[in-house]
Each structure stands twice: as C-alpha cells, then as structure tokens.
Amino acid sequence: MTIDEIQQGIIEDFSAFEDWMDKYSLLIELGNELAPIDPKYKVESNQIRGCQSRVWLHQEFADGKITFEAESDALIVKGLVALLLKIYSNRTPHEILTSEPRFIDEIGLRQHLSPTRSNGLLAMVKQMKLYALAYEKISAKGN
Amino acid sequence: MTIDEIQQGIIEDFSAFEDWMDKYSLLIELGNELAPIDPKYKVESNQIRGCQSRVWLHQEFADGKITFEAESDALIVKGLVALLLKIYSNRTPHEILTSEPRFIDEIGLRQHLSPTRSNGLLAMVKQMKLYALAYEKISAKGN
Amino acid sequence: MSISIHMNPDLFKIRKDFPILDQKVNGKPFIYLDNAATSQRPQQVIDRMNEFSHRFNGNIHRATHFMANKTTEAFEESREMVRNYLNAVEPAEIIFTHGTTESINLVAFSFGEAFISKGDEVIVTEMEHHANIVPWQMMCERRGAGLKIVPFGDNGVLDLDQIDKLITDKTRILAVTHVSNTLGTVNPITEIIAKAHLKNVPVLIDGAQAAPHFSIDVQALDCDFYAFSGHKMYGPTGIGVLYGKRKWLDLMPPFLGGGEMIDRVTFSKTTYNEIPYKFEAGTPDYLGAIGLGAAIDYLNRQDKPMIERYERELLLESTLKLKQIDGLKIYGEAPEKAGVVSFNIDGIHPFDLGTLLDQMGIAVRTGRLCADPVMDHFGVENMVRASFAFYNTVEEIEALYIALIRLKAMF
Amino acid sequence: MSISIHMNPDLFKIRKDFPILDQKVNGKPFIYLDNAATSQRPQQVIDRMNEFSHRFNGNIHRATHFMANKTTEAFEESREMVRNYLNAVEPAEIIFTHGTTESINLVAFSFGEAFISKGDEVIVTEMEHHANIVPWQMMCERRGAGLKIVPFGDNGVLDLDQIDKLITDKTRILAVTHVSNTLGTVNPITEIIAKAHLKNVPVLIDGAQAAPHFSIDVQALDCDFYAFSGHKMYGPTGIGVLYGKRKWLDLMPPFLGGGEMIDRVTFSKTTYNEIPYKFEAGTPDYLGAIGLGAAIDYLNRQDKPMIERYERELLLESTLKLKQIDGLKIYGEAPEKAGVVSFNIDGIHPFDLGTLLDQMGIAVRTGRLCADPVMDHFGVENMVRASFAFYNTVEEIEALYIALIRLKAMF
Ligand SMILES: Cc1ncc(COP(=O)(O)O)c(C=O)c1O
Ligand SMILES: Cc1ncc(COP(=O)(O)O)c(C=O)c1O
C-alpha cells in the first residue's frame, strides 16, 4: 500500500468516532500496542527534544528503505508515534520526503503537530525527513 | 501683612484675568522684575534639583527671620519663584512652617507644584521649609 | 455555584468581572486552574489600560505636556499603591521591573557587584523556582562565590535547622520563596528572616506566588528584598516589582544603563539618579504599571480576609477530593499551604492527563513547573498542577475530580 | 486638513484609527508632536490586546491547554512578524526584550562577557541616546575596556573619516544609532557597517527612531545587532526587540537567568536553552508582544512609500516654517534627516516654551532629550523638540508655527 492509502485507512478508522474521547481511547490503545523500542536504542542520542513528553527514534537503512523504531513516555504521543511509524517505516527516502502526515490534521488532532506544542511529535517528523534526506543523498552517490 | 493676606492679594491680582495667556504674561513680568540673585550665591550647593529648569536658593537668618534670595533660568518658574519669595521671605520659621502656598492652586497653576513636574518648584518649597525647621530648632536651643 | 457562593458570597459578582471565564473551550465550559502560571485580568484592569491608550498617553517624566503629566501621575500613583500594598516605608523603595525574574536578576547582579566576592556564599532552597536559582548561579560563577542549598522534606517543609548550619561568616545573602509554586508550601519567612538577620545576612523573598493571595507587610517581615509579578496578580504581563530596603538600594550600583537612571552623562564620567530611578533604565512599562495599579485597586476593594479563607477552602476541598482517587499522589503536604496542588496518577503520563483535561475544557499545568530540583527530589519527570484563584469554584474542583476519574478509566 | 490630505490621501482614515488624537487638551484641539518620545496606538492594537485579555490568556510555552496554546501561537506569530519586518533570516534571531534600552544592555552584557577583555575598545558616537552610551560605559568599566567616540559636525553629520581612525585591532564592537533622536540625522549605516566589517568589527544599530518610520532589512544592511522599542512604533510600552545574527547569539552567554531560558537546572550545573529562548528569561511580556505584532500588521497594511514620503514632507514643511521665526535655531541639518526638529528660540527657556505650548494643546518635548553629549556639543542646557508621525498634519505644523510666533511676543 502507498503511504497515502494507509493514511486514508487511518482517517477512516478515526472518522467512525464522533466523540473525542473515543478517538483518544483508540490512540491510547495504539500506544499500548506499540512494541517497545529495543532498550539499547533508548539513549540520549536518539532522544528528541520535547519539553514534556520524550520521544526516542531509531532508524536503519537497508535495501533502499528506512525502518524506524520509536517510542514515547506519554501514551497519547506513543499512539501518534505508532501511526507515524505505520506510514513512514519501511519506506524509501523518496516516499518519506514526498508525503506529509496529513492524517493528523484530518482526524482532528492537528494541535499535536503545531510548532508551539512541546510534545516532540513535530520534531520527530522533521527528524525522520532529515534521515530520509541523508539516505537519499547517500544512495544517489552510491549509484 | 500676614502670609495669608499676601496670598489673598496675589489671588485677587490673578483672578482679574480670564485668559491663561494673561496669567502667564503676568508671571513672566514678575519673573523679569525679580532681582537677580547675587552671582556668588549662584553655585552648585544652592541649586535645587529639577531636571528642566534650575532654581538657586540662598537664605540668611537674622533677628528671628529668614530672608530668601532665589532665581530660576526659566522665566515662568522665576515668576512663581518671585511669588514664593513674596510670601516666604523675611518671615519667622514658624510663619513659614505653618503656611502652605495655596495661591498656586487657586490661581490655577497647580500643575506647577505637582510632584511629577520637574521644574524644581516643589523642591524649592520643601527646601525653604527645611531651612525654617532647622532655624526653629536652633532658636529653640538658643533660648 | 451553590457551595461556592455559600463560602464566598461575592463570587457571582467577582466572576462577572473576569470576562474570560465565561466561555466554552473545546465545547465545554471553561475551567481555569492554572492560576499559578498566570492569572486572568478583571475588566477593571482592561478598562484602565484602555483609558490610557484612548485618552492619556505620553512618555513619562521630564516632560512639560499634559499627556506626559497624566501618564507620569498615574505611573507614580501605581508606585504608591504598590508601596501601600507591601507597606514599604517609601515609594522610592518600589522599583518597577518586568517581572519576578527581572527583579531577582537585578538583585543578583547589583547586590553581587557591590557585596559578593570570591569565596563568599549565597543560600537558596531546594524548592525554588528556576528564577530564584539561575540568577544566583550565574552571579556566583561570575564572582567566584558558592551556592548552598536548604533542603526540604518529602512533606514539602523546609528543614529550618539546616539554615542555621548553612549560614557561615561567608554567607552574604539568602533567597527563599514565600510560597512554593510546585509544593504550595507557605514558608515561615518571618522565622527564616529572623534567623538570617541574627547573623547579619540579608534576605530576598520571591513573592511571585504569595503577593496575589496574601497580605504582605515588608516592614513587619523585615525582609530586605521582595519580588513579584503583575501577571500573576490579575495585572498585565511584562510588569513586576522589586521592593528593596533603601539602605541596600542606595549602596547597590545600577543594573541596566540608559535613560532616566542617570543624573548626568559625559563620556568621561556618568553619575546616576536616585532610587527608584537609578534602577529603572529606559522607558518603563508605564502602561503595564498602570494596569498593575488597577489590579491592586481591584484587590483592595475585595473582602480580603474572606478571600483568603475562601482560597483555603478551595485548597482543602481539592486536596480531599483528589486524595479519593486511587493511585493519585500529591506532592507537598505542608501544614501551611497555598492554593496549589501538584500531583501524579500512577501509570499515567502528566502530558496525557493535561491533554485530555484540556479536551474537557479544564486548564491545568503539566511539566517540570520550572522547578527541576523539586522534580529530582521526588524522582519524577513531570507533574500535573492545579492552582486556584478567588474566582474559582468548588464546582470546578468537583469537575476536575470527575474528569480525572473518567480519564483514569481510559488507561 | 486640505494640504495634508493632498499629500497623504489616507490621512483621514488613519487619524480615525488613533482615538487619542480626537480630543481637546486644555480646551484646545490636541496636537501631538512628541512622537519620538512615544507614539500613539491605533485602535487595532488596542483591540488585539483586549481580545487576548478577554478571550485568550494563558502563560506561554510548555503547556498542554488551549489558552496557553492560543497565546503561545500568537506570541510566536508576532515573532515571525518582526522577523519579516526586519527581514531577518530566522525567527530565532528575534529576541523579545522590554525595549531598546534592554536590548542594548543585553548585548553590552552578554557580548561583553564573551568577547571583551582588559584593554579592548568599544566605539559609539557623540550623537547617541544615553541608552546607547551608558550600558557600554558600565560594561567597559567592568571589563576594563575603553570607550571611543565618533564626533559629529555642527550640521549633525557624523565624521565618518574618524571611524577609520578610531577602529584599531583592539576594537571589539561599534554601536551607532540609525536615526538620532535629537538631530534627526539618518546615519549612513550601510557605509559604517561596511567600514567596520572591513576590520572585522561587528556593529549594533540602535533603531529606536528608525524602525517606526523606515523599511529595515537587516540582511541587506548586514548589521550584527538591531534594537528597537514597541512603544515608539505604535505598539504598547514594555516590549522591545533585539535582532542578532545567530553566529553571535549562539556564542554569547545568557543575560538574565530564570524560566524558559534553561534546558536543565541542577544545583551543580545548569544548561541553557537555544536561541531565542536563551535570552528570554521569565514570563515574556506576551501581551505586549502580541500588541507589537498588531502594530506591525497595522504598518504593513499602510502604503509605506507614501507614508515615508509624507513624513518627509512634514519635516520639510516644519523646517521651512520654523526657520521663518526670528532667533530660532534648529539643531541638526543633515541632508538625510527624519521627522525630528530640535530647536531653541533666543532668550526663551525651553521649559517656558513647552509649558505655554501645552496650554495651547500642543505637546512637544523639552529638556535634555536623553542626550547630554549633544547638549554639551552645542553648549545648551535644553532643547525643544517637535517630532512627527504619519498621523500628523501640515495644519498641525502651521499651528505650532503660529503658537511660537504668539508666544515669542510674550517675552
Ligand atoms: C535613539 C534612541 N535610542 C534608545 C532609546 C530608548 O528607548 P526605550 O526607552 O524605549 O528603551 C530611545 C528613546 O528615547 C531613542 O530615541
Ligand atoms: C515562585 C516563582 N518565582 C518566580 C517566578 C517567575 O515569575 P515571572 O515568570 O513572572 O518572572 C514564578 C512564576 O512562575 C514563580 O512561581
């Protein structure tokens, strides 16, 4: 499936709920289900600045695709992290660089990606794109 | 004449004028007529702090009365200084300490004595009273 | 609002004065429980500031025109109102700053330049807001002095015995908060000041969390400096106060340089104005000062003992309620406590709680509360904090309680 | 207003935006010619601030609730508007301070701590406002450095040749005003900056009198620092701006300590946040910043080239008129001049003139204009200053002229 198809799926899942509480319950569920990041990656250098909730992001590059692992100490953030991994992990740098996480806006959680929010999510998206950019350059040189 | 009688006279002089311009013309006239202070008294130590116009005040004490000489570089202030001298110079400390310069208020120039005005007039009145206080104490001891 | 009105008969009138309270947020009635971060402004403050924007505005001091005089008068009236509010000896001891933080930085810098040299010591406590730690750290580093810390116990009470041990003949100043912004503790500052003065150590009180709620008498306290912020006491942002005893202020060199703080400037030598002007460089925030004056005027018109009692009721009520929640831990249970309740619920991240409460129209603060050492003391990363003002209601506390119960079930 | 409207077709609309202008003072129509001291605020600024007092108010940053987020967004939007107004590279280079004075003090302190040691030199000019002299004097004294002065000629023009001579390999920074608040001179700062940069000396521009009137492009100027005040550009008091190149700001230590400027506080070691936050200690004046944003928005909606042209007309008109008065001397007649006319009339004390003009409803500034060295240059104690904004009219200048003629006859 393309990133966009997955985003569409997420949007449909969430649109089933009218009540914000149900949306957040789903996020919390997703957060709870997310496999924890390997403890050896839960280190300072993988931590993304966000004043209130912390996010750890680890990546690996193989066969032209980037795989991300990530986690957060806040559950709602972890739920959003799970969704971001769903769309961005195991993708080519090009796919990552050309897709915006529009679903967050469309499921009515835009505020979580606003630059004034200190939850680290916006920084995580930026960091994923930076990795993509770096690997794209490396791949271009490699060929 | 008592201080109060003189003040009454001043108030009547000024009440003849309806127009503020005439009042200020009279002040300027009074300022122009005021005899200059003896240059040897126009010194730093006799200068009263006032940011915009400067006032110099000199006093002497004899026969139980204080004589003041004063001057200002701004003419309107000098006019008001002339009036203050008229009521306060050549008076006993007691007279000075028990009279307020109410005429300034009553002739409609109160703003010139407001604490937020930096023309030095309020400081001059305070200084005259401080001298009076000092001499009153000295006299009391002397007797 | 029946329970609240019962305790605070003016409540209905008071809430009408704060237009911001009467609205919906995220579709729910707005409940504002973040007063320790910043308070709301009554219409009277807004009106007074508008009056000066609409009718009277001129740069203050040294002017000959009507607008400047009106503004100067109002500015100096505000200073007198602050003097009266703190019962300072004279208005010259009231310096307008831009907030508690600037007030403390002013003292740290100017007192430091005058009185602190290599090897000297400064004492603060473990429960201080960063604003009462970092300026001292910076100054100590610059002057080669050391910082000593008065610890607190798990109940949130300062260990006063430690003060006696920490004060040595090298101690030059002690800085302590009147009310802790995380633990709510009302410190026994009269006692602390007396202890310090016994050894000739002057004391700065951080009054940011006290000035909005309690009557302050700097002469009775005998403190050397007292600092607070306008925006936490129903005034505008950007204005604050430093009270200082004349004997110190006269001896301290200026902090910032610029207009109004000088007497005479030449390139070879500049002389400085008298206090308070010596410490008010540049165009002061006279609009803010006028707003703060209006806020104090507003407070003065309230029934203060009743309000103090009512705010205590809000604290008691919220403490009782929150303790009924399983797994909820309150940080700070000093016997003398102001309207601040910081807590965590087992297994729920404060950020999640804050986010979900916000969805329910309830504003609380979450995070490190600008008090890293307090977080470290309890070994937590963050806390949730509810803090009250006299316009809050018991019903709002009830709503917080119900919301927390509901949210807990989601995790 | 026929002449004025002819030159500025928007004038009628503009004046309606400034409610304060439409009133009587001392029974006469109010004429405000003290804009260099502080400007008036349009209704749009007042409304925007009221909106935030009435509907959106929460302490900014690090919060999870609606009010704090609304306020933070508006605050950061204002920062972006300032960035855009100055054409800075990034918002992080825009620091909110409380005015020009604080901005310059910040640089004097933090740049001084980082880069100035014993024997170094700082250059300022003879026409600076005290705010751009005293902070450097204080810093130089603390760090053991020296202050060098670029003189100006009697026409009010800086002696640029002197700059080349004064810059030595000990020079660490040069601070110069964009527009003189007494002489009105618009300094050739592009040239000055180029001269200084040739010798690797960074330049601070005091933009207090320029930012309200001219388009500023800090990248084109290539200045290292640029400072201005909100209250002089139609915004509220208590808010100001410091622009600084990242390369300097990153290397400079913090100025004030407190909340938001830290990364992590422990008693043994405190680490600092990134710019701009590193330099914004304590609760910023977010209400003021939002007001300043509204003022910039207001300015952006005007026809800027027309306004610049119109303000120049006001200067020309007033210069022509005043020169017709016998015994009137204007200080500063630089070919490049902003809307500031300082003068004296032979034998009449400025205080008397100011007082009597005020009686006629006309507000001008009198005194030393926070520029003692300029007074000393001309050997006078005081001056009278009329200064213009785009809401002034040619008719008001005519009224000033007639008033002065009338007053002269009284002496
Ligand atoms: C050229 C100049 N610099 C600095 C200042 C100081 O500005 P503020 O008082 O707003 O800090 C002024 C204001 O008078 C000024 O005209
Ligand atoms: C105890 C205490 N001190 C100082 C401050 C800093 O106040 P401001 O940010 O207004 O300077 C605060 C505000 O959070 C506080 O609670």
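Reading the values: rules and limits
- Residues numbered from 1 in each chain as written.
- Chains lettered and ligands numbered in written order.
- Predicted model: local features only at pLDDT ≥ 70, side-chain atom pairs only at ≥ 80, totals over all residues.
- Heavy atoms only, no water.
- Helix = DSSP H or I, 4+ residues; strand = E, 2+ residues; numbered from the N terminus.
- Rg over C-alpha atoms; globule rule 2.2 N^0.38 Å.
- Buried < 20%, exposed > 50% of the residue type's maximum accessible area, 1.4 Å probe, protein only.
- Contact = heavy atoms within 4.5 Å.
- Areas by Shrake-Rupley, 256 points an atom, 1.4 Å probe, with all protein chains shown as cover.
- Lys, Arg positive; Asp, Glu negative; His and termini not counted.
- Charge placed at Lys NZ, Arg CZ, Asp CG, Glu CD.
- Near = heavy atom within 4 Å.
- Polar contact = N/O pair within 3.5 Å; in protein donor to acceptor, adjacent residues only side chain to side chain.
- Phe/Tyr/Trp six-rings, centres within 6.5 Å; stacked < 30°, edge-to-face > 60°.
- Buried area = accessible area lost by both parts, 1.4 Å probe.
- Salt bridge = Lys/Arg side-chain N within 4 Å of Asp/Glu carboxyl O.
- Nonpolar A, V, L, I, M, F, W, Y, C, P; charged D, E, K, R; others polar.
- Least-squares fit on C-alpha atoms with pLDDT ≥ 70 in both.
- Domains from an automatic or database assignment.
- Pairing = 2+ DSSP bridges.
- Axes fitted to C-alpha atoms, helices over the stretch in contact; angles between N-to-C directions.

1. Side note on the overall build of chain C
For chain C, the count of helices and strands is 15 helices and 17 strands. Relative to the 2.2 N^0.38 estimate, which gives 22 Å for 411 residues, the radius of gyration of chain C is 22 Å and therefore close to what a compact globule would have. Expressed along its principal axes, the backbone C-alpha trace of chain C runs to roughly 70 × 55 × 35 Å. When the 411 residues of chain C are sorted by exposure, 68% land in the buried category. Across chain C, every contact between residues at least 6 apart in sequence was considered, and the portion connecting residues at least 24 apart equals 71%. Accessible surface, chain C: about 12,900 Å² in total, of which carbon and sulfur atoms supply 50%. A distance of 2 Å separates the average location of the 41 positive side-chain charges in chain C from that of its 53 negative side-chain charges.

2. Regarding the site of ligand 2
Near ligand 2, the surroundings consist of 15 residues, among which Thr-101, Asp-206, Gln-209 and Lys-232 of chain C together with Thr-283 of chain D are the closest. One finds residues of chains C and D in close proximity to ligand 2. Within the side chain of Thr-283 of chain D, an N or O atom sits 2.6 Å from an oxygen atom of ligand 2.

3. Quick notes on the packing of aromatic side chains
The final tally for this structure, using the stated rule, is 46 aromatic pairs over all chains. Plain terms: the ring middles of Phe-18 of chain C and Tyr-234 of chain C are 6.2 Å apart, the flat faces sit at 75° to each other, and that makes the pair edge-to-face. Taken together, the positions of Phe-18 of chain C in the loop between α2 (11–17) and β1 (24–25) and Tyr-234 of chain C in the loop between β9 (225–229) and β10 (240–244) put the pair 216 residues apart, joining distant regions of the chain. Neither residue differs from the other here; Phe-18 of chain C and Tyr-234 of chain C are each classed as buried. Taking the centre distance of 5.8 Å and the plane angle of 50° together, the rings of Phe-390 of chain D and Tyr-391 of chain D count as tilted.

4. A short note on the interface of chain D and chain C
Chain D puts 92 residues into the contact, and the matching count from chain C is 92 residues. Summed over both sides, the interface of chain D with chain C buries roughly 6,900 Å², with 56% coming from carbon and sulfur. Here chain D is connected to chain C by four salt bridges. Looking at the side of chain D that touches chain C residue by residue, the classes come out as 41 nonpolar, 35 polar and 16 charged.

5. Side note on the site of ligand 1
Near ligand 1, the surroundings consist of 15 residues, among which Thr-283 of chain C together with Thr-101, Asp-206, Ser-229 and Lys-232 of chain D are the closest. The residues that come close to ligand 1 belong to more than one chain, namely chains C and D. Here Ser-229 of chain D contributes a side-chain N or O atom positioned 2.6 Å from an oxygen atom of ligand 1. With respect to ligand 1, the side chain of Lys-232 of chain D contributes an N or O atom lying 2.6 Å from an oxygen atom.

6. Some details on the relation of the copies chain D and chain C
Mapping between the two chain copies consists of a rotation about an axis together with a translation along that axis. Note on the identical chains: chain D maps onto chain C by a rotation of 180° and an axial translation of 0.0 Å, with an RMSD of 0.0 Å. Given the turn and translation reported, the copies of this chain are related as if by a two-fold rotation axis. Taking C-alpha positions as the reference, the residue of chain D nearest the rotation axis is Gly-238 of chain D, at 3.1 Å. Interface overlap between copies: 100% of the residues of chain D at the interface are likewise at the interface in chain C, consistent with a symmetric, same-surface contact.

7. Topic: the environment of Asp-303 of chain C
Among the structural elements, Asp-303 of chain C can be located in the loop between α11 (286–300) and α12 (304–323). A sequence separation of 293 residues divides Asp-303 of chain C from Asp-10 of chain C, and the C-alpha atoms of the two residues are 8.6 Å apart.

8. A short note on the domain arrangement of chain C
Residues and elements named next belong to chain C. Domain parsing of chain C yields domain 1 (5–32 + 303–410) and domain 2 (47–300). Computed over C-alpha atoms only, the centres of domain 1 and domain 2 are separated by 28 Å. Across the boundary between the two partners, domain 1 contributes 30 residues, which contact 28 residues of domain 2. Regarding the contact of domain 1 and domain 2, the summed buried area is about 2,400 Å², with carbon and sulfur atoms giving 57% of it. Three residues, Lys-304, Cys-370 and His-377, lead the burial of domain 1 against domain 2; their summed loss comes to 22% of the area buried on that side. Our enumeration of links across domain 1 and domain 2 arrives at 16 residue pairs in polar contact (both at pLDDT 80 or more). Contributing elements (two or more residues each) for the side of domain 1 that touches domain 2: α2, α12, β14 (340–345) and α14 (372–378). A per-class count over the side of domain 1 that touches domain 2 returns 18 nonpolar, three polar and nine charged.

9. Brief notes about the sheet that holds strand β1 (residues 47–48) of chain B
Residue and element names in this part refer to chain B. Pairing is antiparallel in the open sheet, where three strands are placed in the order β1-β2-β3. Because the sheet does not close on itself, it has two edges, and the strands there are β1 and β3 (65–72). With eight bridges connecting them, strand β2 (residues 55–62) and β3 associate as antiparallel partners. Among the inter-strand pairings, Trp-56 is bridged to a residue of β3, identified as Glu-71. This element, helix α3 (residues 75–88), spans β2 and β3 of the sheet and lies at about 175° to β3.

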